[in-house]
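One letter stands for each residue in the lines below.
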Amino acid sequence: GEPEGCAALVDEAAALGGGAAPPALHAALIEAHGEAGALDDAFAHYRRLEAAPGGSPPPGVLQIALMKACAGAHAPAAAFELLAELRAAPGWRRRVSGPGLLAPLVHACARAGDAARALALLDAMERRGPAPDAISFNSAIGACERAGEWERGLRLFDRMRAARAGGGAGGGARAASAAVRRDR
């Protein structure tokens, strides 16, 4: 969505809710800034919320939104800087668990055309956790497609299917299969 429209919703919800808009609306605004290429605005909104008195938002919601903003802005370097900052904070794993934070990082690399980094992240997720989800696999397959490495994309699709059979990556196999078949 457009950042201006999201900002208006945040303001309206804050007025109706006694001064605080739901974190999901703030997350939508942060992501909209990223999609509009206004990553500085996304970070500024995030920093204002971080510094606001009265408690913090649900664990991970805003961090994941900011990571998605980096993906939307095709800015994997900013996403890696954010990850380093989050990892330096005490108790960061309790705040953000599962592939929620790393999946957008894989996507940021894929959107920027950095297949090698997207695949390295996916490999790290498989080795150390959290286990990659279908979104992470699909993003990495898309990165292979953009790089013209369709054979690598096929191998990755097979890994996704194997992980799914073993209880790992969830749905989305049809989408990944379609993306890979298109280049055969």
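Here's what I pulled together on the structure shown here.

Side note on the overall build of the chain
Turning to step 1, where the next piece is worked out: Looking only at helices and strands, the chain has 11 helices and zero strands in total.
Turning to step 2, where the next piece is worked out: Listing each helix as α and each strand as β along the chain from the N terminus yields α-α-α-α-α-α-α-α-α-α-α.
Turning to step 3, where the next piece is worked out: Within the chain, the proportion of its 184 residues that are buried is 42%.
Turning to step 4, where the next piece is worked out: When contacts within the chain are restricted to residue pairs at least 6 apart in sequence, long-range pairs at least 24 apart make up 58% of them.
Turning to step 5, where the next piece is worked out: Total accessible area computed for the chain in this model is approximately 9,400 Å², and 54% of it derives from carbon and sulfur atoms.

Quick notes on helix α4 (residues 61-72)
Turning to step 1, where the next piece is worked out: Here α4 is 12 residues long and its end C-alpha atoms lie 16 Å apart, about the 16 Å a rise of 1.5 Å per residue gives.
Turning to step 2, where the next piece is worked out: The buried fraction of α4 amounts to nine of the 12 residues, a majority that puts the element mostly inside the structure.
Turning to step 3, where the next piece is worked out: Burial in α4 covers these residues: L62, Q63, A65, L66, M67, A69, C70, A71 and G72.

Some words on the environment of A7
Turning to step 1, where the next piece is worked out: Tracing the sequence through the fold places A7 in helix α1 (residues 3-16).
Turning to step 2, where the next piece is worked out: In this structure the C-alpha to C-alpha distance between A7 and H26, which are 19 residues apart in sequence, comes to 8.2 Å.

Points about the packing of helix α8 (residues 115-128) against helix α9 (residues 134-146)
Turning to step 1, where the next piece is worked out: The contact between α8 and α9 brings their axes to 8 Å, and the two run at 150 degrees. The angle between α8 and α9 places the two elements in the roughly antiparallel class. The crossing of α8 and α9 is left-handed. Along its contact with α8, which presents A115, A118, L119, L122, M125 and E126, the element α9 presents S136, F137, A140, A143 and C144.
Turning to step 2, where the next piece is worked out: A breakdown of the residues in the contact of α8 with α9 according to their chemical character gives nine nonpolar, one polar and one charged.

So, the pattern of salt bridges
Turning to step 1, where the next piece is worked out: Summed over all chains, the structure comprises six salt bridges.
Turning to step 2, where the next piece is worked out: The salt bridge partner of R47 is E50, with a shortest N-O separation of 3.2 Å. Here R47 and its partner E50 are both found in helix α3 (residues 39-51), three residues apart, which amounts to about one turn of the helix.
Turning to step 3, where the next piece is worked out: Here R152 and E149 are joined by a salt bridge, their closest N and O atoms 2.9 Å apart.
Turning to step 4, where the next piece is worked out: The exposure class assigned to R152 is partly exposed, which follows from its relative accessible area of 33%.
Turning to step 5, where the next piece is worked out: Three or more residues are tied together by salt bridges with common partners; here these are R47, E50 and E85.

Some remarks on unusual backbone geometry
Turning to step 1, where the next piece is worked out: The amide bond that connects G129 to the next residue, P130, takes the cis arrangement and shows omega of -10 degrees.
Turning to step 2, where the next piece is worked out: Its place among the elements puts P130 in the loop between α8 and α9.
Turning to step 3, where the next piece is worked out: If you check the backbone angles, H74 has positive phi at about 55 degrees while not being a glycine.
Turning to step 4, where the next piece is worked out: Mapping H74 onto the fold places it in the loop between α4 and α5 (76-88).

Concerning the packing of aromatic side chains
Working definition: an aromatic ring pair is given by the centre-to-centre distance plus the angle between the planes.
Turning to step 1, where the next piece is worked out: Counting across every chain of the model gives zero aromatic pairs.
Turning to step 2, where the next piece is worked out: Directly above the ring of F80 sits R117, whose terminal nitrogen or CZ lies 4.0 Å from the centroid.

Let's talk about the environment of P104
Turning to step 1, where the next piece is worked out: One can find P104 in helix α7 (residues 102-111).
Turning to step 2, where the next piece is worked out: With relative accessibility at 6%, the residue P104 sits in the buried group.
Turning to step 3, where the next piece is worked out: Counting along the chain gives 36 residues from P104 to K68, while the straight-line C-alpha distance between them is 5.2 Å.

Cut-offs used in this document
Residues numbered from 1 in each chain as written. Predicted model: local features only at pLDDT ≥ 70, side-chain atom pairs only at ≥ 80, totals over all residues. Heavy atoms only, no water. Helix = DSSP H or I, 4+ residues; strand = E, 2+ residues; numbered from the N terminus. Buried < 20%, exposed > 50% of the residue type's maximum accessible area, 1.4 Å probe, protein only. Contact = heavy atoms within 4.5 Å. Areas by Shrake-Rupley, 256 points an atom, 1.4 Å probe, with all protein chains shown as cover. Expected span 1.5 Å × (residues − 1). Axes fitted to C-alpha atoms, helices over the stretch in contact; angles between N-to-C directions. Parallel < 35°, antiparallel > 145°, perpendicular 65-115°, else oblique. Left-handed = near helix turned anticlockwise from the far one by under 90°. Nonpolar A, V, L, I, M, F, W, Y, C, P; charged D, E, K, R; others polar. Salt bridge = Lys/Arg side-chain N within 4 Å of Asp/Glu carboxyl O. Phe/Tyr/Trp six-rings, centres within 6.5 Å; stacked < 30°, edge-to-face > 60°. Lys NZ or Arg CZ within 6 Å of the ring centre and 35° of its normal.

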